[in-house]
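Chain by chain, the residues:
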Amino acid sequence: METNEHARPGAREIQVVATPEELAYVAAETVVLRAADAIRDHGRFIVALSGGSTPDSLFHLLATSAFASRIDWQHVHVCWGDERCISPRDARSNYRMACDAFLERVPIPTAHVHRMRGEDAPQAAAAAYEAELRELFNVHAPHDDDFPAFDLILLGLGADGHTASLFPDGTALREQRRWVVADYAKSVSMWRITLTLPLINASHHVLFLVAGADKAEVVQQIFIAPTHTVLLPAARVAPTRGVVRWILDSAAAATTPGSRITSA
Ligand code: 6PG
């Protein structure tokens, strides 16, 4: 199922590919295209990376000459959708995963890598990250509708329907004013820092990358049979001025027949 790169704002697009390797390749092509569009349109590309294990193969692809040579890194700013409240040297750090996979191998200016300081006190780290984003987007006066638009936000999907570090039972999901908050994620017994739903929903493009049979049930809940009166966090990602695109591998889409997955 192909998708239209220039879909209408508010659209939800779904693409099912055969394998995790193909998912990484399609995602890498999307990053290249979105970066070129953004830099051509307004001189820079601001992307927020997802965490977890799924994007690792995408990140390694971005370091290969086939893809790295097609991205104008001097005009790229890398942020994160969320981070674990641990040291950046910890193997579980989303920042460390991205550095090991590609950031240390491409010519992106150091000042353009906007790391969430997982090693600091969570609330202070979240407030500091919001201040850094306000500087990056040049939006300082806190007004209700001041959420800036990332050019691309990459997101993963947890088996419980969480995305970034917006968990079904978390307080972060309810935040409507701040851009970045800290939350204690009970299911993983860890403090997290995360972009909030209104900031994610202000993005020009959101790209979900979902692979593996362990995600099949939650994918079905999101696309076919919402069993919760309260929508799962990932199901609440619906950019008001942008497009949300899901790339699923066949294992994650296994119980959601292609004919039943429809774009909204
Ligand atoms: C994190 C993520 C989280 C992740 C999902 C999927 O820091 O863990 O941001 O939202 O994307 O839990 O994780 P996997 O890709 O490892 O399945």
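Our structure is the block above this text.
Numbers given to residues run from 1 along each chain, matching the order in which its sequence is written. Reporting in this predicted model follows two pLDDT cut-offs: at least 70 for local features of residues, and 80 or more for side-chain atom pairs to be given and counted; totals over whole chains, interfaces and linings ignore these cut-offs and use all residues. Processing note: side-chain calculations cover all non-hydrogen atoms of the structure and skip hydrogens and water entirely.

Draft legend 1. The arrangement of the pairing of strand β2 (residues 45-49) in detail. For every residue, the accessible area obtained with a 1.4 Å probe (protein chains only) is divided by the maximum for its type, and the residue is called buried under 20%, exposed over 50%, and partly exposed between those limits. Put simply, DSSP H or I for four residues or longer makes a helix, DSSP E for two residues or longer makes a strand, and each gets a number counted from the N terminus. For β2, a buried count of five out of five residues is recorded, marking the element as mostly surrounded by other parts of the structure. Every second residue of β2 is oriented toward a common face, with F45, V47 and L49 on one face and I46 and A48 on the other, all of them buried. When DSSP finds at least two bridges between two strands, those strands are taken to pair. When β2 meets strand β3 (residues 76-80), the two strands line up parallel, connected through five bridges. Residue pairing in the sheet places V47 in a bridge with V78 of β3.

Draft legend 2. The arrangement of the sheet that holds strand β8 (residues 205-210) in detail. Judged by pairing direction, the sheet is parallel, and its six strands sit side by side in the order β1-β9-β8-β5-β2-β3 without closing on themselves. The outermost strands of the open sheet, each flanked by one partner alone, are β1 (12-17) and β3. Between one strand axis and the next, the sheet turns by 20° as a mean value, whatever way the strands run. In the sheet, β1 pairs with strand β9 (residues 243-249) via six bridges, with the strands oriented parallel. Axis lines are fitted to C-alpha atoms, over the contacting stretch for helices. Their N-to-C directions set the angle, which ranges from 0 to 180 degrees.

Draft legend 3. Expanded view of the packing of aromatic side chains. Aromatic pairs are defined between Phe, Tyr and Trp rings, using the six-membered ring for Trp, whenever the two ring centres lie within 6.5 Å; interplanar angles under 30 degrees are classed as stacked, those over 60 as edge-to-face, and all others as tilted. All told, the structure shown has nine aromatic pairs when counted by the stated rule. For the ring pair Y25 and F67, a centre distance of 5.5 Å and an interplane angle of 75° mean the geometry is edge-to-face. You can see Y25 sitting in helix α1 (residues 20-42) and its partner F67 sitting in helix α3 (residues 65-68), a full 42 residues away along the chain. On the accessibility criterion, Y25 (44% relative accessible area) is partly exposed. Given the relative accessible area of 4%, F67 is considered buried. Each ring, one from F137 and one from W179, has its centre 6.4 Å from the other, and the planes form 80°; the classification is edge-to-face. Placement of the pair is F137 in helix α5 (residues 122-137) and W179 in the loop between β5 (152-155) and β6 (180-185), with a sequence separation of 42 residues. Residue classification places F137 among the buried residues on the basis of a relative accessible area of 12%. Among the aromatic residues, those joined into a cluster by ring pairs are F59, W73 and F102. For a lysine, the NZ atom is tested; for an arginine, the CZ atom; a charge sits over a ring if that atom is within 6 Å of the ring centre and within 35 degrees of the ring normal. Against the face of Y95 rests R115, its NZ or CZ located 5.4 Å from the ring centre.

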